[in-house]
Amino acid sequence: MGQIVEVLVAGLLLGAVYGLVALGLNLVFGVVRVVNFAQGELVTLAMYATYWLYAHYGINAYLAVLLVVPALFVLGVLLHRLVLAPLQDEPMMQIFATFGLVILIQNLLLGITQGQALSIDWPFARTVIAFAGVNVNVARLVVFAALTAITVGLHLFLRDTMPGRAIRAVIQDRRAARAMGINVDRVLLLTVGAGAGLAGIAGALLAPIFTLSPAIGGNFILAAFAVVVLGGLGSLWGAYIGGLLVGVVEACAGFYIDPALRQAIWFAIFIAVLILRPAGLLGQVGAEEVGFRGQQ
Amino acid sequence: MDSNEADATVLTTPAPARQVLESGARAAAKFTAGMALALLPLPLALADSYWLDIVVVTYLMAGLAGAWNIIGGFAGQFSLGHGVFFGIGAYTAAILFTDAGMSPWFGMPIGMVLATAVALLISWPTFRLRGPFFAIATMAFNQVAFVLVNYLDWPTNGPRGILIPFQAGLASMIFQQRWRYGVLTFLYLLLVTGIALLLRRSRLGYALLAVREDEEAARAAGIDVLGAKLRGMAISAALTAAGGTLFAMYLRFIDPPTVFSLPDIGVRFALLALIGGIGTLPGPVLGAALIVPVENFLRAHITTDWPGADLVVLGAVMVLAARFLRRGIAGALADGVRALGRRRQ
Amino acid sequence: MRLSRRAAIRLGGAGMLAVAASRRRAQAAEAIRIGAINPYSGPMALYGTEVTHGYELAVERANAAGGVLGRQVVLLRGDAANPQQGISAVEQLAPSVDVFAGTYLSAVSNAASDAALRHERIYWDTNALAQDLTQRDLPNFIRSGPDADAFARGSVEAVKGLIAPALGREVKDLSVWIEHEDSIYGSSIAAAQRTLLQAAGAKIAGVGAHPASAIDLTDTVLRARRAAPDVFIETGYVPDGNLLLRTSRDQGFTPRATLFVGTGDTPETLSSLGAAFLEGKLVESYPRPDVAPAYGPGAQDYAEAYRRKFGHDPIAPQGLTAYVGMQMLLEAIAAAGSTEMAKLRAAAAAMDRPLHSYATGFGAKFDAHFQNIRALPTTIQWQAGRQVTVFPEAAAAAGVRLAPLSGRG
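These numbers were taken from a predicted model, which means no experiment stands behind them. (Residues numbered from 1 in each chain as written. Chains lettered and ligands numbered in written order. Predicted model: local features only at pLDDT ≥ 70, side-chain atom pairs only at ≥ 80, totals over all residues.)

Draft legend 1. Seen up close, the overall build of chain B. When helices and strands are counted, chain B shows 17 helices and two strands. Buried positions account for 59% of the 345 residues belonging to chain B. (Helix = DSSP H or I, 4+ residues; strand = E, 2+ residues; numbered from the N terminus. Buried ≥ 20, exposed ≤ 12 C-beta atoms within 10 Å, placed from the backbone.)

Below you can see the structure in the form of structure tokens.
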């Protein structure tokens, strides 16, 4: 019995990692309608920045958020200005360009680090809380808490503030939003910036947990894609629940079936969901049939 | 649907697309024929096996990108899961050759049939998805295939992969001289381009174009959208599997990370077609002819104190190409030709 | 014709390089040229470069001593991170090199050695692990370093000769969990370990596989913890190994002995886990420069030469094995009087140097498949943040003592 709880907790904490990486992806995906393949690399960049701040200036990872997030926001704005916005009507070229960025960033980091794997051994991230026989690593718990807090915050922001409403208007109908006097281009710009900023949060919070290698973003991003589609395009809570679901499925499959097969199992579930409910668990029905087109 | 309707559909497409169609089809036919004549003697004349290797890979990748282009370009279905079909072609021929001694000339069609069957199974549910949903779902299939092939000791030999013994001969599709592979892969490229050309002018080809431009309009015009997409995918998958067989017999070693690599295989077909000019006939050829040699050149000539410097350059080239060569090399060439013509007038 | 085309391309793309290269070639018209095929880009670049650093040091030493057969030795790099690039790199270098050496990646070695055969060049492998490579019986393939089987045997010897006595148990009373990453590297070693441990009478508590790119291994650790093994053996890469250890720490999984295989003995692991947690843990790996001088004569010289040339300590022990492999190759060339395939192979077949002839403690004696049967890994123990060679006993330097296997507790 205790074992099941341990596995579930492990799954939820893993799901929180997926969910956190998926947040930025989902925002950009939902609002700007761009599949940013380089989102994982933005997380990687944030992780390396956090490492650098820790190793050279002794700044701990949670304080590093204050520096990393603005830096990533600026990077996101540049990304939008220089790459995504000019390719607004060329969805396939966007995939092409962001894939180019993946290769570019990964190998830039490879050159800088000479391929050496780096880790932050931060005592705080070693702390373990034992609760009813279940061991929980504090750094992972922070990821879970941050994911929940950001999701709630974004939910309130989108519901109750003017900029939030503007974003929702843009999600629903870009042309009408423009007619209503919303500066759509600025909304898109800020959204990509915010998406990159969320990657910054993810990177800073994940850096103390994992061993950094240039390709690590790629390990998160496939799962994050699945989470976004599983939860539903542009659905905040969909991504939250989707992330936790994927995590729990993976942990259970790994523990009860075979760790070597866990990826295949949740991919299979992901595909099954796509077939049965293509819009995702909480997505707007029909969104998947709109795809990129019809929203320009 | 009869051909009049097909023409009507074409006429209602937006202007730029129509231009590409009109000048594209005719120019492309001429261009391909010209390329065929120009390039065939090339591998035969090259004595240097370094360049022969690049030529072989270029032809093979051009053919594979061309196969992808049928569904990804003509029909606009951005599949990132073609590694599955590629893998089926590679593994089927390799397994039948090493375990049963069957010539890859028979293994290849078997792989093509299997790939077609799997393609139809995968496509039936995923074709409801559009744009990014379709791309991500097909990418997921590639990952499932990777994990399963790596996991199964039988028949794929798991992570150890399959080593194909060196038994030179036409029947075994293994040659001592590299130029023979050049001829083989060139024939493959010719086959893919020929089929694409025929398809382009067929009723199915027009239906695929109509689907790409506007699925609802195509459906309203009486086109069997799902049927057209499935047939396009079947052809594309079968041709991709044939390329997989050639790859396996050329390398004579396949293992899961090699065959199901997203950057080297699954996504690469799409990227080559994109940079060359998606949806055009010469696009995949141009994309492969540019990228494959450039990659080799960068890897061989950029100093290695900075690991990955060659790929940094490649990544930058991709971003810049996306920005400034939006219709690919084929589009840029067409623009250039048009500009020249105007000046002459 | 061929030369001019090649020269034209060099000039077009990298003028400076071409000038430098042609000048170098003119100087060393009679040089013996060796093509070093390794990943210099991609995720494995660190190790590909480290292996080549080993070659460079061996070549410099030979050149300082007057070269081989009175000729200078020159290394040319061929970058290959996947099998197809392996073929390409060989084809690129084949016209200008006499022999090939490699390779950190087995899949690359496989394709590259095959391509080298078409040019009738020896492919002298120093660092690839996959068993299949020598089983192919290619007439140009020779492996001077340990293969996966040697690592499996070495790790099981460590269980029998080091861990069991340290725990005060018989091997047959030990239960062992075998964990491995799921590519060819981890799975082939794990399969051999299982067979050998069963033959030795040990109880296999379980076998687990995980992808090297895994971002969570809690399920794996919970499975292993449930089985409560005395000994935990893991074969993997650096990131998954680190994650496994961190997760074990979180989950309170503390087997009485932990033995890593292949990786886990570099600063990359130390910086992730810290000295206190690593204390007492064992790693079966390539021999390190700290082996006893009688076991590996010249190992210290290598470490010093490395520091002089590259300005820091060796990054990973693979370099020393590569260094020794290159030495063997140069000796074989000297004995053969030629780099020609058949003669070089015959010279290798005739090599018979006892164990402890080289800095790694290796000897040189090739079996019918041209696998060096006198190339054995060693076991280190983490002691106060340092990697100390402890097994085989002869390899341990004077004054080295085994620390408690499960740390200070």
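There is more to say after this.
Draft legend 2. Molecular detail of the packing of helix α4 (residues 83-93) of chain C against helix α5 (residues 106-118) of chain C. Residues and elements named next belong to chain C. Contact geometry for α4 and α5: axes closest at 7 Å, N-to-C directions at 35°. Pair α4 / α5 crosses with right-handed handedness. Residues P83, G86, I87, A89, V90 and E91 of α4 form the contact with α5, whose participating residues are A107, V108, N110, A111, A112, A115 and A116. Here the contact of α4 with α5 is composed, by residue class, of ten nonpolar, two polar and one charged. (Axes fitted to C-alpha atoms, helices over the stretch in contact; angles between N-to-C directions. Left-handed = near helix turned anticlockwise from the far one by under 90°. Contact = placed C-beta atoms within 7 Å. Nonpolar A, V, L, I, M, F, W, Y, C, P; charged D, E, K, R; others polar.)

Draft legend 3. Main features of the nonpolar core. Judged by nonpolar contacts, the single largest core of 368 residues is most densely connected at V21 and A224 of chain A together with F100 and A112 of chain C. In terms of domain composition, this core takes at least three residues from each of domain 1 (31-146 + 299-350) and domain 2 (149-285 + 378-395) of chain C. When near neighbours in sequence (up to four residues on either side) are disregarded, A224 of chain A contacts Y18, V21, A22 and L25 of chain A. (Core = buried A, V, L, I, M, F, W, Y, C linked by C-beta atoms within 7 Å. Domains from an automatic or database assignment.)

Draft legend 4. Layout of the environment of T191 of chain A. For T191 of chain A, the location among the structural elements is in helix α9 (residues 184-206). Sequence-distant contacts of T191 of chain A, defined by excluding residues within four places in its chain, comprise L27, V28, V31, V32 and I167 of chain A.

Draft legend 5. Seen up close, α5 of chain C. Residues and elements named next belong to chain C. For α5, with 13 residues, the first-to-last C-alpha span of 19 Å sits near the 18 Å given by 1.5 Å per residue. Counted residue by residue, α5 has twelve buried out of 13 residues, so it is predominantly covered. Along α5, the positions that sit buried rather than exposed are S106, A107, V108, S109, N110, A111, A112, S113, D114, A115, A116 and L117. Positive backbone phi, at 55°, marks E120, one or two positions downstream of α5. (Expected span 1.5 Å × (residues − 1).)

Draft legend 6. Fine view of the environment of K160 of chain C. All names here are of chain C. Of note, K160 is situated in helix α7 (residues 148-167). Residue classification places K160 among the partly exposed residues on the basis of 18 C-beta atoms within 10 Å. Measuring from C-alpha to C-alpha, the distance between K160 and L197 comes to 9.0 Å, with 37 residues separating the pair along the chain. Those residues in contact with K160, other than ones at most four positions away along the chain, are V171 and A200.

Draft legend 7. Summary view of the interface of chain A and chain C. Taken residue by residue, the interface counts 31 residues in chain A and 30 residues in chain C. In terms of residue count, helix α1 (residues 2-31) of chain A provides more of the side of chain A that touches chain C than any other element does, five residues in total. Split by residue class, the side of chain A that touches chain C holds 16 nonpolar, twelve polar and three charged.

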